[in-house]
Amino acid sequence: MIHLKDINKTYQGAQPLHVLKGISLDIAKGEFVSIMGASGSGKSTLLNILGILDNYDSGSYELAGTPIWNLSERKAAEYRNKMIGFIFQSFNLISFKTAVENVELPLFYQGVSRKKRHQMAMEYLDKLGLADWAEHYPNELSGGQKQRVAIARALITRPQIILADEPTGALDSKTSVEVMQLLKKLNQEDGMTIVVVTHESGVANETNKIVHIKDGVIGQIEENLDHNASPFGSGGLMK
Ligand code: ADP
Ligand code: MG
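Small disclaimer: the values here were computed from a predicted structure and weren't measured. (Residues numbered from 1 in each chain as written. Chains lettered and ligands numbered in written order. Predicted model: local features only at pLDDT ≥ 70, side-chain atom pairs only at ≥ 80, totals over all residues.)

Draft legend 1. Fine view of the sheet that holds strand β9 (residues 209-214). What the six strands build is an open sheet, ordered β6-β7-β8-β3-β9-β10; its pairing is mixed. Both edges of this open sheet fall to β6 (84-88) and β10 (217-223), since each of them pairs with a single strand only. Sheet twist, expressed as the average angle between the axes of neighbouring strands with direction ignored, equals 20°. Where β9 and β10 come together, five bridges link them in antiparallel fashion. If you follow I210 over to β10, its bridge partner there is E222. (Pairing = 2+ DSSP bridges. Helix = DSSP H or I, 4+ residues; strand = E, 2+ residues; numbered from the N terminus. Axes fitted to C-alpha atoms, helices over the stretch in contact; angles between N-to-C directions.)

Draft legend 2. Region of interest: the site of ligand 1. Taken together, Y11, G13, L17, V19, G37, S39, G40, S41, G42, K43, S44 and T45 make up the full set of residues adjacent to ligand 1. When contributions to the shell around ligand 1 are tallied by element, the ones reaching two or more residues are β2 (17-27) and α1 (43-50). Here the element with the most residues in the shell around ligand 1 is α1; it accounts for three residues. For the shell around ligand 1, the class distribution of residues is three nonpolar, eight polar and one charged. (Near = placed C-beta within 6 Å. Nonpolar A, V, L, I, M, F, W, Y, C, P; charged D, E, K, R; others polar.)

Draft legend 3. Spatial organisation of the packing of helix α5 (residues 143-155) against helix α6 (residues 173-190). Running from N to C, α5 and α6 cross one another at 20°; their axes reach a closest spacing of 10 Å. Our classification of the angle between α5 and α6 gives roughly parallel. For α5 against α6, the interelement crossing comes out right-handed. Of the residues in α6, those in contact with G143, G144, Q147 and I151 of α5 are T175, E178, V179 and L182. Partitioning the contact of α5 with α6 into residue classes produces three nonpolar, four polar and one charged. (Parallel < 35°, antiparallel > 145°, perpendicular 65-115°, else oblique. Left-handed = near helix turned anticlockwise from the far one by under 90°. Contact = placed C-beta atoms within 7 Å.)

Draft legend 4. Structural detail: the packing of helix α3 (residues 99-109) against helix α4 (residues 114-127). Running from amino to carboxyl end, α3 crosses α4 at an angle of 125°, the nearest separation of the two axes being 9 Å. As the angle between them shows, α3 and α4 are arranged oblique. α3 and α4 meet at a crossing whose hand is right-handed. The residues of α4 that touch α3, namely those facing A99, V100, V103, E104, L107 and F108, are R117, H118, M120, A121, M122, Y124 and L125. Partitioning the contact of α3 with α4 into residue classes produces 10 nonpolar, one polar and two charged.

Draft legend 5. Region of the structure containing the pairing of strand β4 (residues 58-63). Pairing between strand β1 (residues 2-11) and β4: five bridges, direction antiparallel. Paired with L4 across the bridge in β4 is Y61. In this sheet, strand β5 (residues 66-67) lies alongside β4 in antiparallel orientation, the contact comprising two bridges. For L63, the partnering residue across the bridge sits in β5 and is T66. Between the antiparallel neighbours β4 and β5 lie two residues, among them A64 with a positive phi of about 50°.

Next comes the structure, spelled out in structure tokens:
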């Protein structure tokens, strides 16, 4: 699914900062991977490159067989919309839109009709246990509910991969566990490929593979054998 080879990234400025130093990483379809490292180690930069939100300086990146290099903003947006679902620490919901309107938004950009997108958004909210909250605004929802709305929004385009940047960073520990269980279910029952960036080992331990990153370099890659994934079972969120 993801094939990264020798990726380098430097932020230019008065003091150029070499943030990613030769990152090579392969992530197969159906994997549930965490990228773990201290603050400032380059995790978000790496995830932004994976998500075609940012460019890299050298190396190569292939996503689902498509080489990602020097894309026009329009092409990048098209691939993002088609292939990737994003989840962020701060949820990134639009405050003046209701839960269901937030979930509908990616379909709006795809030109799906109002009726169809409303119906699909309600379906996903229902799957995430939020049907009763559809007409509420983000500031009326708990942190866990907001993140579930954001997950519904990420899923609605049926992406090939979910990229999550510190998805539990703004949540209490109990809610964090619930969100990680939800992602785990999505991986196990729907076979969704998921990459979670985190600085918390508790979060990383919920995934099947932990990729350690330090100062822009990948160190140890741990297989997390505690998890007996039963991929492609029935009753998943995407069905
Ligand atoms: P992490 O997500 O692991 O905390 P980041 O990828 O956000 O790390 O940042 C890595 C380093 O790059 C940090 O030192 C950060 O300050 C710097 N950095 C991040 N984004 C930018 C940017 N747009 N311009 C300049 N420096 C940046
Ligand atoms: Mg970060």
